[in-house]
Every structure is written in structure tokens, then in C-alpha cells.
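Observations on the model geometry
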Amino acid sequence: MSRTAVMRLALALALVLSPTTALGQDAEASPEGVEWHLTSYAADAAVKTVPWFVDATLVLEDGTAAGNAGCNRFDATYVLEGTTLTFEPTVAMTRRACPDPQGAVEDGYIANLPAVSHWTIED
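Since we're looking at a predicted model, the values are computed, not measured. (Residues numbered from 1 in each chain as written. Predicted model: local features only at pLDDT ≥ 70, side-chain atom pairs only at ≥ 80, totals over all residues. Heavy atoms only, no water.)

1. A short note on the side chain of T57
The topology assignment puts T57 in strand β5 (residues 57-61). Excluding residues within four positions of it along the chain, T57 makes contact with E35, W36, H37, A66, G67, N68, R73, F74 and Y109. (Helix = DSSP H or I, 4+ residues; strand = E, 2+ residues; numbered from the N terminus. Contact = heavy atoms within 4.5 Å.)

Shown next as C-alpha cells:
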């Protein structure tokens with residue numbers, strides 16, 4: 001399977017993220033060690049697209065998930081076993097006031113993290 005910058009990480013169909021850099025074709029499939037950018041998320045029974053100017057990110061490394069939720073920075077813990085990926089329900093965040101659309105993206109992103117149950121990489 002070819003892995004390029006248009007590759008997406010689908011997390012339980014609740015969040016869709018894209019990497020900032022291309023992954024080599026011979027790289028072992030793993031969501032860890034890559035900065036992922038949120039491109040869409042589930043909210044109000046619909047899939048919402050993240051506006052181009054909102055940068056919501058995720059980096060998974062050694063059981064710690066960190067990133068920008070659209071406005072505030074966050075940290076959480078996760079467990080990765082094969083294609084199973086779960087996040088602990090407690091997420092630590094900075095507390096800046098966030099106008100929309102950043103606030104709406106952040107709310108949807110953080111609300112969906114506990115619902116993640118697995119990951120897949122799709123071209």
C-alpha cells in the first residue's frame with residue numbers, strides 16, 4: 001500500500017486525520033510518531049469538515065497523546081494494541097476562550113476521543 005501525504009488515519013469513524021509528512025512505503029503501519037492533522041469529525045449526527053485555517057493536531061508517542069484541539073493544547077493517555085486504540089476519558093487542556101469555528105472544532109474533537117476504539121490507515 002502506498003502511503004503519501006494524502007493518507008488518512010480513521011479513528012473509529014469519529015475522527016479523520018492526515019499526516020504532515022509522507023510515510024515511507026516500507027514503514028511499519030503505526031499511527032505513532034507522526035503529527036496528524038484533523039480534517040473532519042462527527043458532530044450533530046453529521047460529518048463536519050475542519051476549516052483550512054483551524055489546525056487541530058494529534059501526536060501519539062509512548063502512551064501519551066498530545067496536540068492542539070483547534071484552539072487549546074491537550075494531553076491524554078492512550079493504549080495501542082494492534083489496530084485497537086483507546087483514549088483515557090480524562091483529557092488535560094489549557095483553558096483559552098475559543099471563538100467559533102475553532103471552539104466548535106475543539107468541542108467535536110475532544111468529545112470524540114473517548115469514542116475511538118480502533119485505527120486504520122486509508123489512501
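2. Some thoughts on the environment of T49
Mapped onto the fold, T49 is located in strand β4 (residues 46-49). Residue T49 is classed as exposed on the basis of its relative accessible area, which comes to 63%. For T49 and V105, which are 56 residues apart along the polypeptide, the C-alpha to C-alpha distance reads 8.9 Å. Those residues in contact with T49 that sit more than four places away from it in its chain are T39 and S40. (Buried < 20%, exposed > 50% of the residue type's maximum accessible area, 1.4 Å probe, protein only.)

3. Let's talk about unusual backbone geometry
Cis peptide bonds are those with omega within 30 degrees of zero, and the linkage from D100 to P101 qualifies with 10°. Tracing the backbone through its elements, the reader meets P101 in the loop between β9 (92-93) and α1 (102-112). The residue D44 is not glycine, and still its phi comes out positive at about 55°. Tracing the chain through its elements places D44 in the loop between β3 (36-43) and β4. With a phi close to 60°, A45 is a non-glycine residue in the positive phi region. Among the secondary structure elements, A45 is positioned in the loop between β3 and β4. What makes A45 exposed here is its relative accessible area of 90%.

4. Quick look at the nonpolar core
Of all hydrophobic cores here, the largest spans 25 residues; its most connected members are L58, F74, F87 and Y109. Listed by contribution, the elements that provide at least two residues to this core are β3, β5, β7 (73-81), β8 (84-87), α1 and β10 (119-122). Among the elements that take part in this core, β3 stands out by supplying 4 residues, more than any other. (Core = buried A, V, L, I, M, F, W, Y, C linked by side-chain atoms within 4.5 Å.)

5. Regarding the packing of aromatic side chains
One pass over the structure, following the stated rule, counts 3 aromatic pairs. For the pair F74 and Y109, a centre-to-centre distance of 5.6 Å together with 80° between the ring planes defines the contact as edge-to-face. Within this pair, whereas F74 is found in strand β7, its partner Y109 is found in helix α1, the two being separated by 35 residues in sequence. No difference in accessibility class separates F74 from Y109, as the two residues are buried. Centroid distance Y78 to F87: 6.3 Å. Interplanar angle 50°. Geometry classified as tilted. Exposure class is identical for Y78 and F87. Each is buried. (Phe/Tyr/Trp six-rings, centres within 6.5 Å; stacked < 30°, edge-to-face > 60°.)

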